[in-house]
Amino acid sequence: MKIQRFPQGTRVRLRRGRYPIDPSLLGREGTVVALHRTHGSRYRVQLHDEQELRLFDESELEVVQPVAGVEEAGAHQGGGGSDAPN
């Protein structure tokens, strides 16, 4: 079973990986849209300022901003035990 390393919505930056990449793409940022189902280590990414989706290997991606987890997202909604005065 393949564990998705970059969940949908993760902001990523392109870097050199195990496959050749167009040098003009290096350092560009985008958002992970989906894990490619037939190629478990490749992700569909929408680069900022582009409409089309591109396919990149996970070795070509580095996290810029992770997606907030359920616990983290819920902690900022208020009303939880951690928000109660001491």
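As shown above, the structure is provided for reference.
Cut-off values and rules
- Residues numbered from 1 in each chain as written.
- Predicted model: local features only at pLDDT ≥ 70, side-chain atom pairs only at ≥ 80, totals over all residues.
- Heavy atoms only, no water.
- Pairing = 2+ DSSP bridges.
- Helix = DSSP H or I, 4+ residues; strand = E, 2+ residues; numbered from the N terminus.
- Salt bridge = Lys/Arg side-chain N within 4 Å of Asp/Glu carboxyl O.
- Buried < 20%, exposed > 50% of the residue type's maximum accessible area, 1.4 Å probe, protein only.
- Core = buried A, V, L, I, M, F, W, Y, C linked by side-chain atoms within 4.5 Å.
- Contact = heavy atoms within 4.5 Å.
- Axes fitted to C-alpha atoms, helices over the stretch in contact; angles between N-to-C directions.

Quick look at the pairing of strand S4 (residues 54-57)
- Of the strand pairs in this sheet, strand S3 (residues 42-47) and S4 are connected by 4 bridges, and their pairing is antiparallel. Its bridge partner being in S4, arginine 42 is matched across the sheet by aspartate 57.
- Two successive antiparallel strands, S3 and S4, enclose a turn made up of 6 residues, where aspartate 49 displays a positive phi of approximately 70°.

With respect to the pattern of salt bridges
- Throughout the structure, instances matching the rule amount to 7 salt bridges.
- Arginine 13 is paired through a salt bridge with glutamate 62; the nearest N and O atoms lie 3.5 Å apart. Here the residue arginine 13 occupies a position in strand S1 (residues 11-14), and glutamate 62 occupies one in strand S5 (residues 61-65), the gap between them amounting to 49 residues.
- The class of arginine 13 is partly exposed, set by a relative accessible area of 29%.
- For glutamate 62, a relative accessible area of 28% translates into the label partly exposed.
- One salt bridge connects glutamate 52 with arginine 54, and the closest N-O pair in it is separated by 4.0 Å.
- Classification of glutamate 52 as partly exposed rests on a relative accessible area of 48%.
- Exposure remark for arginine 54: the relative accessible area of 26% places this residue in the partly exposed category.

Overview of the nonpolar core
- Formed by Phe6, Val12, Leu14, Ile21, Leu25, Val32, Tyr43, Val45, Leu47, Phe56 and Leu61, the largest nonpolar core amounts to 11 residues.
- When residues in this core are grouped by element, the largest group, 3 residues, is from S3.
- Filtering out sequence-adjacent residues up to four positions away, phenylalanine 6 remains in contact with Val12, Val32, Tyr43, Glu58, Leu61 and Val63.

Focus: the sheet that holds S3
- A sheet is described by the order of its strands in space; here 5 strands give the open sequence S4-S3-S2-S1-S5, paired in antiparallel fashion. This sheet does not close on itself; its edge strands, each paired only once, are S4 and S5. Neighbour-to-neighbour, the strand axes of the sheet open up by a mean angle of 50°, direction not taken into account.
- Alignment of strand S2 (residues 29-35) against S3, held across 5 bridges, turns out to be antiparallel.

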